[in-house]
Amino acid sequence: MNWEDSSDTADLSATAGDRLVGADADGEDTAVEAALRPKDLDEFVGQEKVREQLDLVLRAARARGATADHVLLSGAPGLGKTTLSMIIAAEMGAPIRITSGPAIQHAGDLAAILSSLQEGEVLFLDEIHRMSRPAEEMLYMAMEDFRVDVIVGKGPGATAIPLELPPFTLVGATTRAGLLPPPLRDRFGFTGHMEFYEPSELERVIHRSARLLDVEIDTAGAAEIAGRSRGTPRIANRLLRRVRDYAQVKADGVITPEIASVALGVYEVDARGLDRLDRAVLQALLKLFGGGPVGLSTLAVAVGEERETVEEVAEPFLVREGLLARTPRGRVATPAAWAHLGLVPPQQGGGAAGSGQQGLFGA
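Residues numbered from 1 in each chain as written. Predicted model: local features only at pLDDT ≥ 70, side-chain atom pairs only at ≥ 80, totals over all residues. Heavy atoms only, no water.

### A closer look at the pattern of salt bridges
This model, assessed by the stated rule, comprises 16 salt bridges. Between R276 and E305 there is a salt bridge whose closest N-O contact spans 3.4 Å. Of the two residues, R276 sits in helix α12 (residues 276-288) while E305 sits in the loop between α13 (296-303) and α14 (307-320), which places them 29 residues apart along the sequence. According to the relative accessible area criterion, R276 is partly exposed, its value standing at 42%. (Salt bridge = Lys/Arg side-chain N within 4 Å of Asp/Glu carboxyl O. Helix = DSSP H or I, 4+ residues; strand = E, 2+ residues; numbered from the N terminus. Buried < 20%, exposed > 50% of the residue type's maximum accessible area, 1.4 Å probe, protein only.)

Structure (structure tokens):
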């Protein structure tokens with residue numbers, strides 16, 4: 001990974017973090033999540049398959065009196081990977097150490113962390129796919145043999161000193177499992193993929209968070225927030241806090257569906273969870289280019305955003321919601337996009353949507 005790639009990723013993370021419906025955590029989220037996180041698997045909401053499988057792995061390890069197998073958790077940001085890592089440590093009665101792939105740029109960085117681990121300790125490595133290659137290769141031996149070779153000196157005089165490690169459990173988290181090399185993936189004893197949450201599951205998350213935050217909310221109010229949360233608990237909790245603020249200032253502090261709807265309207269989050277950037281992309285695609293197809297760069301200029309922002313921040317949710325399609329000819333709006341914005345698509349063959357060239361130039 002070069003510095004340019006790292007900078008681009010950081011810029012995109014900052015852009016996503018500025019959005020109310022962005023799944024990346026900001027400073028406020030990190031502080032609040034610490035208080036809202038469930039402490040055991042029974043308290044954890046959603047991810048039924050992963051919870052059931054992980055429960056078996058941890059119970060078996062405790063029965064053997066051994067450390068748990070290494071665990072790989074993959075999925076979009078905000079679905080609970082960090083929370084599950086903390087639950088793994090709690091269930092095993094072990095301490096946890098948290099670091100991230102981008103923080104480990106050299107093999108020596110990883111060696112320093114591994115050599116200081118206690119027996120049975122859980123090492124949580126977030127964004128493990130962004131770890132440097134030398135550190136990655138050192139991790140192979142550490143995971144399999146609980147041993148690393150520390151290189152002392154340089155050139156012909158360099159020597160490798162073997163360093164024995166106490167048994168530990170590595171919990172790796174990644175949003176892009178496809179970027180992990182097969183030798184690293186194969187060393188994990190358990191792999192769990194985190195799915196987006198159903199609205200009913202998010203309602204349970206919201207009710208639980210409301211109790212912890214001492215917020216009064218009715219069932220319909222929780223459903224209103226859950227429907228705009230993009231299937232992500234982190235976003236649900238963030239929206240809950242913003243609606244709580246509105247309810248305290250503008251109403252009697254009780255969150256009803258009417259209060260939730262008005263509050264999220266103030267923050268420009270619509271009934272489907274789209275925010276200003278999402279709607280700007282759709283409106284440009286529909287109104288300026290007749291629904292497409294249109295190139296990504298042209299669409300980004302029309303929106304006034306960088307190409308990478310449109311592609312990495314806005315498009316994934318629009319594609320997942322079936323509002324936009326990526327085709328070899330360019331971006332194309334679906335009938336659901338026209339319906340969501342209350343617009344009527346042009347007749348096929350008679351307008352911009354029926355012609356790639358006409359759609360490209362908005363004629």
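### Structural notes on the packing of α13 against α14
Two elements in contact, α13 and α14, have axes separated by 8 Å at closest approach and are oriented at 90°. Taken together, the axes of α13 and α14 are roughly perpendicular relative to one another. Every residue of α14 that contacts α13 at L296, S297, L299 and A300 is listed here: R307, V310, E311 and E315. Looking at the contact of α13 with α14 residue by residue, the class counts come to 4 nonpolar, 1 polar and 3 charged. (Axes fitted to C-alpha atoms, helices over the stretch in contact; angles between N-to-C directions. Parallel < 35°, antiparallel > 145°, perpendicular 65-115°, else oblique. Contact = heavy atoms within 4.5 Å. Nonpolar A, V, L, I, M, F, W, Y, C, P; charged D, E, K, R; others polar.)

### Concerning helix α3 (residues 48-64)
Along an α-helix, residues three or four positions apart point the same way, because every turn accommodates 3.6 residues. An ideal rise of 1.5 Å per residue puts 24 Å on 17 residues; α3 measures up with 25 Å between its terminal C-alpha atoms. Among the residues making up α3, those that are buried are V50, R51, L54, L58 and A61. All buried residues of α3 lie within an arc of 100° about the axis, which places them on one face of the element. Of the exposed residues in α3, the ones pointing more than 90 degrees away from its buried face are K49, E52, L56, A63 and R64. On its buried face, α3 sits against β1 (71-74), α4 (81-92) and β7 (190-193). Note on α3: the residue one or two positions beyond its end, G65, has a positive phi of about 70°. (Expected span 1.5 Å × (residues − 1). Arc of directions from axis to C-beta.)

### Side note on the sheet that holds strand β6 (residues 169-174)
The strand order across the open sheet formed by 5 strands is β2-β3-β6-β1-β7, and the pairing between neighbours is parallel. Only two strands of the sheet have a single partner each, and these edge strands are β2 (96-100) and β7. Ignoring which end each strand starts from, the neighbouring axes of this sheet average 15° apart. One ladder, built from 5 bridges, connects β2 with strand β3 (residues 122-126); its direction is parallel. Residue pairing in the sheet places I96 in a bridge with V122 of β3. (Pairing = 2+ DSSP bridges.)

### Some points on a nonpolar patch on the surface
A surface patch of nonpolar side chains, about 260 Å² in accessible area, is lined by V262, V266 and Y267. Take V262: its relative accessible area is 43%, and that puts it in the partly exposed class. (Patch = residues over 30% accessible without salt bridge, like charges linked within 9 Å, V, L, I, M, F, W, Y side chains within 5 Å. Areas by Shrake-Rupley, 256 points an atom, 1.4 Å probe, with all protein chains shown as cover.)

### Digging into the environment of V310
Relative to the helices and strands, V310 resides in helix α14. Sequence-wise, V310 and A300 are 10 residues apart; in three dimensions their C-alpha atoms are separated by 6.2 Å. Once residues lying within four places of it in the same chain are set aside, the contact partners of V310 are V281, L296, L299, A300, E305 and E315.

### Comments concerning the nonpolar core
Counting residues in hydrophobic clusters, the biggest one holds 47 residues, and the most contacted among them are L54, L84, I206, I217, I225, V243 and I255. Of the residues forming this core, the biggest block, 7 residues, is contributed by helix α10 (residues 233-250). (Core = buried A, V, L, I, M, F, W, Y, C linked by side-chain atoms within 4.5 Å.)

### Focus on helix α11 (residues 257-266)
P257, I259, A260, A263 and L264 are the residues of α11 that are buried. Taken down its axis, α11 places every buried residue within 160° of arc, on the same side. Looking at α11, the residues exposed on the side facing more than 90 degrees away from the buried face are E258 and V266. Looking one or two places after α11, you find E268, whose phi comes out positive at around 65°.

### Re the packing of α10 against α11
Running from N to C, α10 and α11 point in directions that differ by 105°, and their axes come no closer than 9 Å. Accordingly, the angle class assigned to the pair α10 and α11 is roughly perpendicular. Residue-level inspection shows L239, V243, Y246 and A247 of α10 in contact with α11, the latter providing I259, A260, V262, A263, L264 and V266. Residues belonging to the contact of α10 with α11 are distributed by class as follows: 10 nonpolar, no polar and no charged.

### Digging into the packing of aromatic side chains
Summed over the entire model, instances satisfying the criterion amount to 1 aromatic pair. Over the aromatic face of F317 sits the side chain of R230, whose NZ or CZ is 3.9 Å from the ring centroid. The cationic tip of R320 hangs over the ring face of F196; the distance from NZ or CZ to the ring centre is 3.6 Å. (Phe/Tyr/Trp six-rings, centres within 6.5 Å; stacked < 30°, edge-to-face > 60°. Lys NZ or Arg CZ within 6 Å of the ring centre and 35° of its normal.)

### A few points about the confidence of the model for the protein chain
Reading predicted coordinates in detail is not appropriate for stretches of low pLDDT. Here the protein chain shows a mean pLDDT of 83. Residues at 70 or above account for 86%. Within the model, the stretch residues 1-17 combines pLDDT values under 50 with 16 contacts to residues more than four positions away or in other chains. Low confidence marks residues 350-363, where pLDDT is under 50. Its contacts with residues over four positions away, or in another chain, come to 26 contacts. (pLDDT = per-residue confidence, 0-100.)

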